[in-house]
Amino acid sequence: MNQESFYRLAGRLFEQLQGAEHLFCDLGCESSDFVRLNQNRIRQAGAVRSAGLGLNLIDGERQAQASCDLSGDLDEDLNRARHLLGRLRERIVHVPADPYLNFSTEPTGSERWVGEDLPDARAAVAEVIAAGAGLDLVGIWASGEVQEGLASSIGHRHWYGGRSFNLDWSCYLEADKAVKAGYSGLTWEPAVLAAKLAQLRQGLEVMGRPARTIAPGRYRAYLAPAAVAELMNMLAWGGFDLKSQRTRQTPLLKLVRGERAFDPRVSIREEQDRGLTPAFTPEGFTTPDRVTLIDAGRFGTCLVDARDAKEYGEPVNAAGGAPQSVGLDPGDLPQAELLTRLDTGLWIGNLWYCNWSDPNDCRVTGMTRFGTWWVEHGAIVAPVKVMRFDDSLYHLLGDRLEGLTRERELLMDPGTYEGRSTESALLPGILVSGIELAL
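Computed from a prediction, not measured in an experiment: that's the story for all the values here. (Residues numbered from 1 in each chain as written. Predicted model: local features only at pLDDT ≥ 70, side-chain atom pairs only at ≥ 80, totals over all residues. Heavy atoms only, no water.)

**Comments concerning the pattern of salt bridges**
What the rule picks out here adds up to 26 salt bridges. Of the charged contacts, one joins Arg163 and Glu145 as a salt bridge, the two residues approaching to 3.9 Å between their closest N and O atoms. Of this pair, Arg163 sits in strand S6 (residues 157–174) while Glu145 sits in strand S5 (residues 136–152), and the two are 18 residues apart along the sequence. On the basis of relative accessible area, Arg163 is assigned to the partly exposed category, the value being 29%. Since its relative accessible area comes to 22%, Glu145 is described here as partly exposed. Among the ionic pairs, Glu205 bridges to Arg209, the shortest N-O distance being 2.7 Å. Judged by its relative accessible area of 45%, Glu205 falls in the partly exposed class. Its relative accessible area of 28% is what places Arg209 among the partly exposed residues. (Salt bridge = Lys/Arg side-chain N within 4 Å of Asp/Glu carboxyl O. Helix = DSSP H or I, 4+ residues; strand = E, 2+ residues; numbered from the N terminus. Buried < 20%, exposed > 50% of the residue type's maximum accessible area, 1.4 Å probe, protein only.)

Structure, rendered in C-alpha cells:
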C-alpha cells in the first residue's frame, strides 16, 4: 500500500466516527527479500510482501486497539478496517478509563525517505558468493523497503520509508570454530564487502592455530564495535527510560545521582536523524533529531514515551524507552594503530549471552565468542578459548577506558520477528586497560 492509498483508506474510516471519538491509524508495510546461505551456497530464498493496519479508537478517557492484515485491494481493506472499527466500538464501552492515555492533539505532518541506492538482492548475493569462494560461509541476507504511516482523525499525516540491506554471516573453520561479521547499510559498496571477507580469512588463519587458555583475571583488551553493541544493548535495558529512572530501577542510578561517572569521552545519543526508524510515535507526537542520553560521561536526558510523559509530566521525545538508533561518539584512536596500542592483551570481536550480574553497580556478565584473539607485542598470536567476563560498565566506559576508535561501524539489527527490524547502532571500538574474566 502506498502513501496515497493509506491516507484515502484512513479518510474513509474517519467518516465513520461518532460523537467525540478519535481514531489513530498506523500502517506498517514491508517488501523484503531474504536469502539463507550455507557452505557459501544459497539454501533458501524467499520474499515477504506484507501490510498491516493498526487502529486505536479513543473515546473520552478510554481507548481500544486492534490490528489486521491488508490485502492491497482498497475496497476489501476498507471492509476489513470498518469491521475492525465496529468491533473496537463494541469493546471500548467495557474497558476502564486509562489514566495514562496520551495523544497529540496538534495536527502535524512529515514525510521522510532514506536509502536510495539499494542493491538488487540477486546481484548482491551472487557477489557475496563469488567473493567468499572457498569459505564455509553461513548467514542470511535481508534487503528491501520498510514503510510506516500514521493518520489520525485529528489531522496527523506522517509517512516514513526506508530501504536498506543487512548481511549477517559467519565463516566456519571446523566444528564450533568460526569468525563472525556483518555488513549492513543503505549503500552497497563491493570494496567494503571485500575488506570484511579479507579480514575474515585472516581470522580463520588465526583460528586454525592452537588455542590459548588463559587464567581468570584482569586483561588489557580491545572490544570491537560488535562487542560494544552488546554493552549498549545492556544499557538500553532499563538504562535510559524515564520510568526506570523515576522508580529508581535503572542500572544507571549511581550515574543519575552523580555518584559515578563514565569517562568524559563517552557520549551516547539517540540519533533519530540518521536512523532507520520513523520520527513520529503512534500517538502522533514527533521526536527530536537527537537525544543526548549520556553527555560527556554524565547522565543526560531520558527517553520519554507518551505514557511516561503523561505519568510524570514530561514532554514526549521517543516512541519507546529504549534507543532505536543509538550512537556512541567516536574517539581519536586510529583503527590502524589498534594492535600497537593494545600491545599485549585480548582482541574481543563479539560478546554473547550478556546479562546483568549486579545492576546496582552496572555490572554485566557474558561470554566471549567468535574471534577473540591473544595479542602479544602488537601481533595476533592465537585464538583464546571461550571465557566468561564479569565487569562493571563504570570501569569499561570509565576509569579503565583508554580510547575510542576514530572510525565507527553501522550495525543493523538482523531481527525479523513481526517484521524486519529497523533498529541500528553506530559505534566505535574501545580500548580498555582491563576487563575482568571470571572463568
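**Quick word on the state of the cysteines**
If you walk through the whole model with that rule in mind, you get zero disulfides. Here Cys68 stays unpaired: no disulfide links it, and the sulfur of Cys25, its closest cysteine neighbor, is 9.9 Å away. Assessed through its relative accessible area of 16%, Cys68 is described here as buried. For the unlinked cysteine Cys354, the closest cysteine sulfur is that of Cys362, found at 12 Å. (Disulfide = S-S within 2.5 Å.)

**A closer look at the domain arrangement of the protein**
Its domain assignment divides the protein into domain 1 (3–207) and domain 2 (209–438). Between domain 1 and domain 2, the C-alpha centre-to-centre distance is 25 Å. Residue-level contacts link 46 residues of domain 1 with 39 residues of domain 2. Summing both sides of the interface, domain 1 and domain 2 together bury roughly 3,200 Å²; the carbon and sulfur share of this comes to 56%. A per-residue breakdown of the area domain 1 buries against domain 2 is headed by Tyr100, Asn102 and Val206, which together make up 20% of the total. Linking domain 1 with domain 2 are three salt bridges. As a salt-bridge pair, Glu409 and Lys196 come within 3.0 Å of each other at their nearest N and O atoms. Contributing elements (two or more residues each) for the side of domain 1 that touches domain 2: strand S1 (22–38), strand S4 (109–114), S5, S6, strand S7 (177–185) and helix H4 (190–207). A per-element tally of the side of domain 1 that touches domain 2 places S6 first, with nine residues. (Domains from an automatic or database assignment. Contact = heavy atoms within 4.5 Å. Buried area = accessible area lost by both parts, 1.4 Å probe.)

**Remarks on the pairing of S6**
Two faces, one strand: in a regular strand the side chains alternate between the faces of the sheet. By the bridge criterion, six bridges tie S4 to S6 in an arrangement that is parallel. Residue pairing across strands places Ser110 opposite His158, the latter belonging to S6. The pairing of S5 with S6 spans 16 bridges and is antiparallel. What sits directly across from Ala142, in S6, is Asn166. In this structure, the hairpin formed by S5 and S6 is closed by a connection of four residues, where Gly155 is found at a positive phi of approximately 130°. Pairing of S6 with S7 involves nine bridges; the strand directions are antiparallel. What sits directly across from Trp169, in S7, is Ala181. (Pairing = 2+ DSSP bridges.)

**A word on H4**
The terminal C-alpha atoms of H4 lie 25 Å apart, and with 18 residues this matches the ideal 26 Å at 1.5 Å per residue to within 8%. All of the buried residues along H4 are Leu193, Lys196, Leu197, Leu200, Gly203, Leu204, Val206 and Met207. Take H4 and look down its axis: the buried residues cluster within an arc of 165°, on one side only. With respect to the buried face of H4, the exposed residues turned more than 90 degrees away are Ala191 and Gln202. (Expected span 1.5 Å × (residues − 1). Arc of directions from axis to C-beta.)

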